[in-house]
Every structure is written in structure tokens, then in C-alpha cells.
Amino acid sequence: MSGRQSRGKLALIIVLIVALVLAAWGIFQRHRHFVQLASDTRESSYPKVQLISAQPGPTHRTLDLPANISAWYQAPIYAQVSGYVKMWYKDIGAQVHAGDLLAEIDTPGLDAQFGASKANLDVALARYKLAQITARRWKALQGTQAVSQQEVDVQAANAEAQQAQVEAARHEMERYAALEGFKKIVAPFDGVVTARLADVGDYVNAGGGDVSSRGSATELFSVADVHAMRVFVPVPQDYADIITPKLTATLRVPQFQGREFQARYLATAAAFNQNTRTVNTELMVDNPRGELWPDSYATVHFEAPGDPDILILPVGALIFRAEGLQVAMVDASNRVHLVSVRVGTLLGKSVQILEGLKTTDKVINNPSAGLLDGDEVRVVPGTRGYNIAAGPPPEKTGAAGNDDVRAMPKDNSPSPEAGARQ
């Protein structure tokens, strides 16, 4: 019995020891988890930020803008006389030369008026001849007792009045003769017919062209000169300094993928649109084969010299508040300092910083709206391909976190190449 009691006591002691060890291990684990949770909570309470540095500005600036292509000359052709389309001879797409016949208009009313004007001229000429004969006869009797001087003067004045009637009738006949010439619609210059809006038998109204008609004028054709094209580009005010007579640009249109057309400066409006703050700039591009068509949409690519002495930052790094434009910097103790800056020209995704920033300053990229001066933050590595240089992922060396260390410079700022892309 004594042996059994000894073995029982030993087993009980072992059980107690195991229980104590397990209890101690549980207390230790709980304490470790509590410490880790407290540490994680403290770390997560700090805003996570990524840092960038201001970079030198680009040596040249590029700008892509929408543009509209117009014909060198484009003329809508209206009827100058009212009537019916007798025949048209040129359809859309036809190449025409100046003076080529496009259509004819049948104008019976005008023809009758023209005939009446010629008859009125003949009547006026007959009356003028009679007045001349009468005036000569009375002139021959001047100084005799047969006629008085008053009667001689009246007949001479009547002859002059009849001469004026002849001139008026001749001008009226010439006016109708000119309108008769407008029965033939001709091309005003060399080009291509871009629109035909009349068909045989259609009634056309001259509007203001024929004083006897009423209503709006009827457009019959549209002819465009496309040997060269005008390109109209609204250039933003920030880029107005690039507009000079030496300005060149590259033109791209959707229907010719991969092709570029060289355009050169022609003119500028020299005034900004109050609504868009852009200046209408006109370029020209040669079109010897007629590949570019009027009223096409195009994209114009400009290149202009830049200023590398002026620092740039991504637009997302700016803070817009009542104090003005600011950036959030981080010091060595990971404290935030809001600094006011003065910006210059907007360069697409980046903006020039004229004052308030140095290349050694560490700036928070895309700061949150609630970030305040003096806040403590937690600096985290940048995103590969976003604000650090893109490349193949680094090989792991076995130590946890080495990937992040290699991905970011030691000062947690992006490389110059990455900043330039921002």
C-alpha cells in the first residue's frame, strides 16, 4: 500500500506541475497577445501615408487638345432667283473647277419680267427720239415770232427728261439680265461638292436675292476647297505662351490610326473666351490628296520647351483649404507640417511649385482631408508602378519585409524617375 500511495502522490504532483505550466503558458500567451493587440491598435491609430519629393520640371511640355478641321474655303451656294430646278449636273463628291455648271433654274416669271424690261427700254428710246426731234424743231424757230423762248426751253428739258427715262429703263433691263445670268448655278472656286440639297423640279426661293420674292433663301450646293485644311484648336490660357509663328503640331484623326499629319501655325484670335478661358488658334495642314475632310474631329499634339529649374508635384499632393494651397510635409519624427505653396502652370497631372518647397522636403502624396498640422503619421512604402519605379518584383532573401525595403528608398521617397512621371 505504501508503494501505491507513493506512485499516486507522484502522479498528482506531475499533474499539478503540468497544470501550472499550462496555466503559466496561457497567461504568457494572453499577455503577449494583449501587448501585440495594443501595439497594433497604436500603429493603426496613426494615418498611413506615402511620401514623395518634388522633382525638377520637364525639359519640354506636351499637350494634347481636341480640334476641328475645316476646309480652306467652304461656300454654301444659294439661289439668287426664284424658280424650279431644271437640272443639276454635279453630285456630292464631284471635283469641280471655278465656273463649272452645277445646276440650272427655270424662271418663267423672271423671263417675263426681263422681256417687259426690254420692251420698256424700246418705248423709252422711241419717246426720247421724238423728244429730240421736237426739241431741234423748236430750237430752229428760236428768235422768231412763231415761238417763245419759254416753249423752246420746255422742249429742250423734255428731251433731257426722256433721255433720263431711257437710262432708267436700260438699268432696269440690265438688272433683269443679271438675274437671268443667275439661272445658271456655277462653282465659285476649285474644290469638291460636299452637299447637294436640291433635286429636279424643286422650287427654290431666292429670299433676299430676288426683291420680288418672300421667305428664306434656299441653299442648293456646298463647295469646299480642300487643297489645304484649317485646324481650329482652343488652347488653354496656361499654355498660351507656346503660341508663336514658329509653333508646329502633330495632327491625328480617328480614321487614320497610326498616321500623323504635320500642322503649322496660321493665326490666333489673341483674345480668350470668357467661358472656357481658351484662345482659338488656327493651324493649317496640307491636304494634296484630299484625305482630310471638312468638319472632322482631330487631336492635336503640341510640344513646347519646359523649365527644369522649377519644381513640380502631382496635383493630388495639393491641399485646397481656406488658407490657400498647401502641401503636407513630414519631419524626422513623423509629424505633419502644413506649408503654403505658390503654384505655376498646370502640366496635366503635375503642377509647377514656384515657392514654398525644396527637393529635400518629404511631401505626403494624396493627403486625406482630415489631416491637421502636428498629427503623427505612419510612413508606409510606396506602390510599385504608382509612385515608385515599376519593375520586376525583387527576390525574397528570407527576411520578412525585405521586399518593401528594396521597393522604396531608405528615406521613403520615390526615385527621381518616378516623381517625374507624376
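Going by the structure above, here's the rest.
Nothing here was measured: the structure is a model prediction, and the numbers come from that model. (Residues numbered from 1 in each chain as written. Predicted model: local features only at pLDDT ≥ 70, side-chain atom pairs only at ≥ 80, totals over all residues. Heavy atoms only, no water.)

### Here we look at a nonpolar patch on the surface
A surface patch of nonpolar side chains, about 380 Å² in accessible area, is lined by Leu10, Ile14, Val18 and Leu22. Mapped onto the fold, leucine 10 is located in helix 1 (residues 2-44). (Patch = residues over 30% accessible without salt bridge, like charges linked within 9 Å, V, L, I, M, F, W, Y side chains within 5 Å. Areas by Shrake-Rupley, 256 points an atom, 1.4 Å probe, with all protein chains shown as cover. Salt bridge = Lys/Arg side-chain N within 4 Å of Asp/Glu carboxyl O. Helix = DSSP H or I, 4+ residues; strand = E, 2+ residues; numbered from the N terminus.)

### A short note on the sheet that holds strand 21 (residues 350-355)
Backbone-to-backbone hydrogen bonds pair the strands of a sheet. The strands run either parallel or antiparallel. Spatially, 3-16-21-20 is the arrangement adopted by the four strands of the open sheet, whose pairing is antiparallel. Every interior strand has two partners, whereas the edge strands, strand 3 (55-56) and strand 20 (342-347), have only one. Across four bridges, the pairing between strand 16 (residues 311-314) and strand 21 is antiparallel. Across the sheet, leucine 313 pairs through a bridge with valine 351, a residue of strand 21. (Pairing = 2+ DSSP bridges.)

### Some details on the sheet that holds strand 7 (residues 101-106)
Across the sheet, four strands lie side by side as 8-7-5-10; this open sheet has antiparallel pairing. Of all the strands in the sheet, the pair left with one neighbour each is strand 8 (184-186) and strand 10 (203-204). Pairing of strand 7 with strand 8 involves three bridges; the strand directions are antiparallel. Along strand 8, the bridge assignment pairs glutamate 104 with lysine 184.

### Looking at the environment of leucine 371
Here leucine 371 lies in the loop between strand 22 (363-364) and strand 23 (378-379). Spatially, the C-alpha atom of leucine 371 lies 8.1 Å from that of valine 336, the residues being 35 residues apart in sequence. Setting aside its immediate chain neighbours within four residues, leucine 371 contacts Pro47, Arg321, Ala328, Val336, Leu338, Ile364 and Val377. (Contact = heavy atoms within 4.5 Å.)

### Brief notes about the layout of surface pockets
Considered as a void within the structure, the second largest pocket measures approximately 190 Å³ in volume. Contributing to the lining of the second largest pocket are Gln74, Gln95, Val192, Thr194, Val226, Gly290, Trp293, Pro294 and Asp295. (1 Å grid on protein atoms, 1.4 Å probe; cavity = no way out; pocket = protein on both sides within 12 Å on 5 of 7 lines; lining within 4 Å. Points joined across faces, edges and corners; volume = space filled by probe spheres on them.)

### Considering the environment of phenylalanine 189
Mapped onto the fold, phenylalanine 189 is located in the loop between strand 8 and strand 9 (191-196). For the pair phenylalanine 189 and valine 223, spaced 34 residues apart in sequence, the C-alpha separation works out to 8.1 Å. When sequence neighbours within four positions are dropped, the list of residues in contact with phenylalanine 189 reads Tyr73, Gln74, Ala75, Val96, His97, Ala98, Val223, Ala224 and Asp225.

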